[in-house]
Amino acid sequence: MEKLIFEKSHSGRRAYSLPKMDVETININEEIPNQYVRQTPCELPEVSEIEIARHFQRLSHLNYNIEKGVYPLGSCTMKYNPKANEKAAGLDGYANIHPFMPESHIQGALQLMYELGQDLVNITGMSGVTLQPAAGAAGEFTGIMMIRAYHLDRGDTKRNKILIPDSAHGTNPASAAIAGFQIVNVKSDEHGRVDIDDLKSKINDEVAALMLTNPNTLGIFEKNICVIEKALHEAGALLYMDGANLNALIGIAQPGKFGVDALHINLHKTFSTPHGGGGPGAGPVVVSERLLPYLPVPQIKFADGIYSFDYDLPKSIGKVHTFYGNFLVLVRAYNYIKMLGKEGIVRTSSGAILNANYLKSLVKDYFEFPFDEQSMHEFVMSGDRQKKRGVTTMEMVKRLLDYGFHAPTVYFPLIVHEALLVEPTETETIESLEEFAQALIAIDKEIDENPELVKSAPHTTPVRRINDAYAARNLNVCWKG
Ligand SMILES: *Cc1c(COP(=O)(O)O)cnc(C)c1O
């Protein structure tokens with residue numbers, strides 16, 4: 001395969017080299033050896049254009065998506081994303097940019113990244129930023145690696161533990177473990193917040209940081225955040241914030257003001273990139289002054305009217321993504337922030353909070369609410385009452401599909417029995433919230449009147465019940481031809 005290696009890119013730099021592969025070398029300029037040439041014509045299925053167009057059109061209609069209706073997946077922030085941002089990301093100069101283009105040719109792209117970074121720093125009240133991480137989890141790993149570098153740099157080598165509340169998203173312990181830390185669980189109190197006594201009893205000189213989601217995954221603001229911050233910093237530990245729920249805070253509260261040291265932002269949740277199908281995301285990390293020296297390289301610098309990549313950060317943890325991250329996700333976020341402006345951003349988070357609380361008020365008489373607290377942009381309720389009448393949360397949300405709605409997040413957070421985590425987002429209208437609430441209430445009624453109908457749902461979807469664990473348990477990523 002040697003011949004296929006690009007030795008030089010147009011700029012004269014070595015582009016990349018492919019590993020040597022153990023396959024027969026074919027010179028693409030010569031004729032294909034006879035043994036590889038098909039002896040009989042290939043039987044390709046033949047269909048007319050209209051048949052294939054209809055086929056894919058029909059398939060596309062089987063999908064549920066945010067343009068069909070409410071998509072209340074808690075923790076995921078499945079809001080509608082303005083088409084203008086898609087259009088911006090599709091502009092030729094952005095979409096077809098090559099990562100090896102010289103800095104002088106990509107001043108616009110560098111300016112965009114620089115300004116987006118500044119905007120994120122300003123929105124969160126922090127001091128520095130990296131745009132590289134490809135998603136929230138990658139941001140967590142990046143943040144934890146910086147925290148690790150900070151402690152090691154100070155000669156503080158004992159800190160091998162990360163504290164994580166029991167309501168946390170699974171990526172938090174996973175990221176900390178991959179970064180080499182032991183995980184210590186912190187309990188939640190009866191109000192759904194971090195149990196301060198339990199936290200304090202676990203803070204010691206082996207703790208590197210606490211990873212905290214705020215508002216937490218129960219949709220509740222950690223109002224003791226300043227007590228938490230003080231306890232950590234006094235003991236030499238740092239505060240990592242999971243910013244997946246930033247949709248509730250932007251324009252209202254700045255994590256930098258409550259002492260956060262590192263925070264990832266899921267641009268694909270809060271700042272307008274469609275997601276859900278595993279498409280590219282971006283998880284920029286903003287940091288406090290303490291962590292500035294450890295930010296990934298390159299940083300984007302602006303001096304004398306010129307934007308450039310700055311690799312001169314001797315204590316940097318290095319690179320965490322090829323090139324500069326998922327650039328087109330950054331374009332969407334930039335466009336979104338500039339389009340909304342300061343006022344629009346406040347309306348976003350206020351609207352998200354209002355919608356969640358309005359929806360909660362519509363269903364509060366029908367479900368159990370384990371925490372009697374003000375909700376932020378999402379709320380958690382329990383299907384315990386329904387389960388006592390013989391129908392599980394899973395069966396209930398399958399029935400919701402028959403009513404034409406996507407199900408909310410279920411069985412997360414783990415500390416709530418039969419959990420339903422509902423996040424309507426700011427882009428839903430009053431009418432759609434009311435229709436969604438009516439569907440939930442109707443299902444609650446069906447549990448008494450016709451429980452079998454609910455237990456055997458869904459009845460109207462293209463596929464009925466699939467075994468959602470089978471593929472993960474019987475992993476087969478190899479195609480045997
Ligand atoms: C989505 C989410 C994450 C992980 O983010 P990804 O972008 O999916 O990697 C982490 N924490 C919380 C609370 C989340 O909701």
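Residues numbered from 1 in each chain as written. Predicted model: local features only at pLDDT ≥ 70, side-chain atom pairs only at ≥ 80, totals over all residues. Heavy atoms only, no water.

**Student:** Is there a simple way to think about the environment of Leu359 in this case?
**Tutor:** Looking at where Leu359 falls in the secondary structure, it is placed in helix 10 (residues 327–363). Separated by 20 residues in the primary sequence, Leu359 and Phe379 place their C-alpha atoms 9.2 Å from one another. Each residue touching Leu359, except ones within four places of it in the same chain, is listed here: Phe379, Val422, Pro424, Leu433, Phe436 and Ala437. (Helix = DSSP H or I, 4+ residues; strand = E, 2+ residues; numbered from the N terminus. Contact = heavy atoms within 4.5 Å.)

**Student:** Would you mind going over the sheet that holds strand 10 (residues 379–382) with me for this structure?
**Tutor:** Sheet strands associate in pairs through backbone hydrogen bonding, adopting either a parallel or an antiparallel arrangement. In space, the 3 strands of this open sheet follow the order 10-12-11, with antiparallel pairing throughout. The open sheet has two free edges, formed respectively by strand 10 and strand 11 (409–410), since each of these has just one partner strand. Contacts between helix 12 (residues 393–402) and the sheet are confined to strand 11 and strand 12 (419–422), with strand 12 contributing the most and set at about 40° to the helix. (Pairing = 2+ DSSP bridges. Axes fitted to C-alpha atoms, helices over the stretch in contact; angles between N-to-C directions.)

**Student:** Looking at this structure, I do not really get the site of the ligand. What am I missing?
**Tutor:** Around the ligand sit Ser75, Ala135, Gly136, Ala137, Glu140, His169, Thr171, Asp242, Ala244, Asn266, His268 and Lys269, and that is every residue in its neighbourhood. Taking Ala137, its main chain carries an N or O atom lying 2.8 Å from an oxygen atom of the ligand. Note that an oxygen atom of the ligand is positioned 2.7 Å from one of the side-chain N or O atoms of His268. In the complex, 87% of the free accessible area of the ligand, which totals 380 Å², lies under the protein chains. (Near = heavy atom within 4 Å. Polar contact = N/O pair within 3.5 Å; in protein donor to acceptor, adjacent residues only side chain to side chain. Areas by Shrake-Rupley, 256 points an atom, 1.4 Å probe, with all protein chains shown as cover.)

**Student:** Looking at this structure, I do not really get the sheet that holds strand 3 (residues 182–186). What am I missing?
**Tutor:** Read from one edge of the open sheet, 7 strands run 1-7-6-5-4-2-3, paired in mixed fashion. Every other strand in the sheet has two partners, leaving strand 1 (128–130) and strand 3 as the edge strands with one partner each. For this sheet the average axis-to-axis angle between neighbouring strands, irrespective of direction, equals 20°. In this sheet, strand 7 (residues 285–287) lies alongside strand 6 (residues 262–264) in antiparallel orientation, the contact comprising 3 bridges. Paired with Leu263 across the strands is Val286, a residue of strand 7. Against the sheet, helix 5 (residues 136–153) makes contact with strand 1, strand 2 (161–165), strand 4 (207–213), strand 5 (238–242), strand 6 and strand 7, and its axis sits at roughly 175° relative to strand 5, the strand it touches most.

**Student:** Got a minute to help me understand the domain arrangement of the protein chain in this structure?
**Tutor:** Accessible area lost during the coming together of the parts is what is often quoted as the interface size. Domain boundaries in the protein chain define domain 1 (5–61), domain 2 (83–340) and domain 3 (348–473). Once you take the C-alpha centre of each, domain 2 and domain 3 turn out to be 30 Å apart. Every contact between the two is made by 25 residues of domain 2 and, on the other side, 21 residues of domain 3. When domain 2 packs against domain 3, the two sides together hide about 1700 Å² of surface, and 60% of this comes from carbon and sulfur. Here domain 2 and domain 3 share 1 salt bridge between them. Here Arg193 ties to Glu373 by a salt bridge, and the two come within 2.8 Å at their closest N and O atoms. In this assembly, domain 2 and domain 3 are joined by 7 residue pairs in polar contact (both at pLDDT 80 or more). Classifying every residue of the side of domain 2 that touches domain 3 gives 11 nonpolar, 10 polar and 4 charged. (Domains from an automatic or database assignment. Buried area = accessible area lost by both parts, 1.4 Å probe. Salt bridge = Lys/Arg side-chain N within 4 Å of Asp/Glu carboxyl O. Nonpolar A, V, L, I, M, F, W, Y, C, P; charged D, E, K, R; others polar.)

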